[in-house]
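This is what each chain is made of:
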Amino acid sequence: MDRVGFWGVGSTVGAGVYVLVGTVAREHAGPALTISFLIAGIAAALSAFCYAELASRCPSAGSAYHYSYICVGEGVAWLIGWALVLEYTIGGSAVARGISPNLALFFGGPDSLPWILARHQLPWFDIIVDPCAAALVFVVTILLCVGIKESSFAQGIVTVLNACVMIFVIVAGSYIGFQIGWVGYKVSDGYFPYGVNGMLAGSATVFFAYIGFDTVASTAEEVKNPQRDLPLGIGVALAICCALYMAISIVIVGLVPYFAMDPDTPISSAFAKHGMQWAMYIVTSGAVLALCSTLMGSLLPQPRILMAMARDGLLPSFFSDVNKQTQVPVKSTIVTGICAAALAFAMDVSQLAGMVSVGTLLAFTIVAVSILILRYVPPDEVPLPPSMRESFHLNQECDEEKDRDLLGDGNCNTSQTKDVIVVVESMKDPLVEKRQHKGKMDETKRRKIAAFSIGSVCVGVLILTSSASVTWLPFLPICIGCTIGVLLLLAGLGVLSWIDQDDGRHSFGHSGGFTCPFVPVLPAMCILINTYLLINLGGDTWMRVGIWLLMGVLVYIFYGRTHSSLTDVVYVPVAQADEIYRSSSEYVS
């Protein structure tokens, strides 16, 4: 497994098992936790296909922000980038918050950490602070500032050790489970104690555990062969993590009834309750290593997202500075570490995990929409980086010289000269001119139909998922809403399947990379599942995230919109996009 795969697996495996298993089983899914992981894994797999194509075509540190910037527009891209900032900052904070309870087991129990690192409840406030979590965030931040190679080496060692511990948990836990008769599955409440909606709500929460392949996409500018390494790293990370999550959730839920699980240390406490103290220390060691690895993977992408947004003028240039020695955005990394440490110090895991899932699901949904746009209505022009304007103007002068002397022996490309001759000759023939005009009109009509169809799919998904999730309404309005949503969704999918995809997709960005299969059905299914999971997140979570997004809108209105690089930008035909993305280390389109 290469460096990209290690980052993907290392940043994913750990959070879902060592932090969320106990909380989600107790509050949402019960014994059906395995199905929650499966549904979240399927949704993540659909998103991974979309991510893989966009990451290979447009490799950039901006990840989902960059893709939506190109395909949807700056305003939507800003909100996605703002949500990604929330995702990575809170993701790192949630993981750090899960480390200290596991670390305390080495000192004799949950409350045995030294006083300076132990959790304390602030007087007059319902807040439990965690100094150990904040300290760990600072340590990882310093490591990330040293350099990507050094961080990757540490990540690789920790990932291998963690995988060994997880295999031990599966084998040893299965042995205990067969001995005790899997008591966790014999509870009187049944397999779905909170109903199907509870299981789906659990899926929405544990979706947080699958954000590792998004980390892979954010390292695009530091990968030697992004067309090969990014899709491979995304696929490997997701497949390994989903298999491990499901296997461990089957074992742990069977060892301890869901209502008796420890929300902070579910795996370690499960072994301890069955008299395997020595196994508890092995599991705790793996938990601490895995969570540290996941913490590194969570804090790695956000500085690169901030760097991409700053390059586009939406944030101050302070965030786009890259250290010449380490080739790392040190300033952005430090700011990220300080914010993540503050959240890890003051917020609990359940609040953090739900907020991370919102950011993740929003990003994955817009990536799926971007695939549909890229295939059916790709942009005709893309912004030209300021660093390339001089060379572009030289090419324009060369083109003007060709126009003045079509048959001359200048330094320009012969094939481009032939194209100009064909255009000039076609102007002399009215039949050719009419046929070309008709073809252009047909293509314009096809793009309009495709755009309306993509809109129909998105609106249909929103109506369908909203209607299916509103349980307090009478049956008839729910049925009518679901019917309308299904009709709009199927109509949009039918038209997209019937019309041709745009030829411009072949020349957009890098060619020869991974291609998402089963378009438009697969992206539509991705949009449907992600939107349903989004709607099933709790109202408290949406209230907190809504405040964050409102802050983002205000920042964009009062700063990003006025400082955007699009206020003074040159656009070039999409045929030249390949040259632009080759210079992605200098600019994020």
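Residues numbered from 1 in each chain as written. Predicted model: local features only at pLDDT ≥ 70, side-chain atom pairs only at ≥ 80, totals over all residues. Heavy atoms only, no water.

Under an unreviewed UniProt entry, the name given to the chain is Cationic amino acid transporter C-terminal domain-containing protein, and the organism recorded is Urochloa decumbens. Here is the UniProt Subcellular location (unreviewed entry) comment for the chain, exactly as written: "Membrane". What UniProt records for the chain under Sequence similarities (unreviewed entry) is the sentence "Belongs to the amino acid-polyamine-organocation (APC) superfamily. Cationic amino acid transporter (CAT) (TC 2.A.3.3) family." (UniProt positions renumbered as here; feature names shortened; annotations may be inferred.)

Enquirer: Where do I start with the packing of helix α7 (residues 131-146) against helix α15 (residues 330-346) in this structure?
Expert: The description of two helices packed together rests on the angle between their axes and the distance between the axes. Contact geometry for α7 and α15: axes closest at 8 Å, N-to-C directions at 170°. Between α7 and α15, the crossing angle belongs to the class labelled roughly antiparallel. Judged by the sense of rotation from one axis to the other, the crossing of α7 with α15 is right-handed. Contact residues: α7 offers Pro-131, Ala-133, Ala-134, Val-137, Phe-138, Thr-141, Leu-144 and Cys-145, while α15 offers Val-330, Thr-333, Ile-334, Gly-337, Ile-338, Ala-340, Ala-341, Ala-344 and Phe-345. Here the contact of α7 with α15 is composed, by residue class, of 14 nonpolar, three polar and no charged. (Axes fitted to C-alpha atoms, helices over the stretch in contact; angles between N-to-C directions. Helix = DSSP H or I, 4+ residues; strand = E, 2+ residues; numbered from the N terminus. Parallel < 35°, antiparallel > 145°, perpendicular 65-115°, else oblique. Left-handed = near helix turned anticlockwise from the far one by under 90°. Contact = heavy atoms within 4.5 Å. Nonpolar A, V, L, I, M, F, W, Y, C, P; charged D, E, K, R; others polar.)

Enquirer: In this structure, what is going on with helix α22 (residues 539-563)? I would like to understand it.
Expert: Residues lying three or four places apart along an α-helix face the same way, a consequence of the helix completing one turn every 3.6 residues. Taking 1.5 Å per residue, 25 residues should reach 36 Å; α22 reaches 34 Å between its end C-alpha atoms and fits that length. Among all positions in α22, only Thr-541, Val-545, Leu-549, Gly-552, Tyr-556 and Gly-560 are buried. (Expected span 1.5 Å × (residues − 1). Buried < 20%, exposed > 50% of the residue type's maximum accessible area, 1.4 Å probe, protein only.)

Enquirer: In this structure, what is going on with the packing of aromatic side chains? I would like to understand it.
Expert: Two aromatic rings are characterised by how far apart their centres lie and by the angle between their planes. Tallied over the entire structure, the rule returns 16 aromatic pairs. Note on Tyr-258 and Phe-259: the rings are 5.3 Å apart at their centroids and 75° apart in plane angle, and the pair reads as edge-to-face. On the basis of relative accessible area, Tyr-258 is assigned to the buried category, the value being 5%. Members of the aromatic cluster, joined through ring pairs, are Phe-178, Trp-182, Tyr-185, Tyr-191 and Phe-192. (Phe/Tyr/Trp six-rings, centres within 6.5 Å; stacked < 30°, edge-to-face > 60°.)

Enquirer: What's the story with the side chain of Asp-130 in this structure? I'm lost.
Expert: Mapping Asp-130 onto the fold places it in the loop between β2 (128-129) and α7. Exposure remark for Asp-130: the relative accessible area of 0% places this residue in the buried category. A polar atom in the side chain of Asp-130 sits 2.9 Å from the side chain of Arg-119. Those residues within four positions of Asp-130 in sequence are excluded, and the remaining contacts are Arg-97, Ser-100, Leu-117, Arg-119, Ala-344 and Phe-345. (Polar contact = N/O pair within 3.5 Å; in protein donor to acceptor, adjacent residues only side chain to side chain.)

Enquirer: Would you take a moment to explain the environment of Val-95 for this structure?
Expert: Take Val-95: it is sitting in helix α6 (residues 74-104). According to the relative accessible area criterion, Val-95 is buried, its value standing at 0%. Taking the C-alpha atoms as reference points, Val-95 and Ala-344, separated by 249 residues in sequence, lie 8.4 Å from one another.

Enquirer: Looking at this model, I keep getting lost on the nonpolar core. Mind explaining?
Expert: If you look at soluble globular proteins, the nonpolar side chains tend to sit buried side by side. Within the largest apolar cluster, 115 residues are counted, with the highest numbers of intra-cluster contacts made by Ile-252 and Phe-271. The element contributing the most residues to this core is helix α16 (residues 349-376), with 15 residues. Excluding residues that lie within four positions of it along the chain, Phe-271 makes contacts with Val-169, Ala-172, Gly-173, Ile-176, Met-276, Ala-279, Met-280 and Val-283. (Core = buried A, V, L, I, M, F, W, Y, C linked by side-chain atoms within 4.5 Å.)

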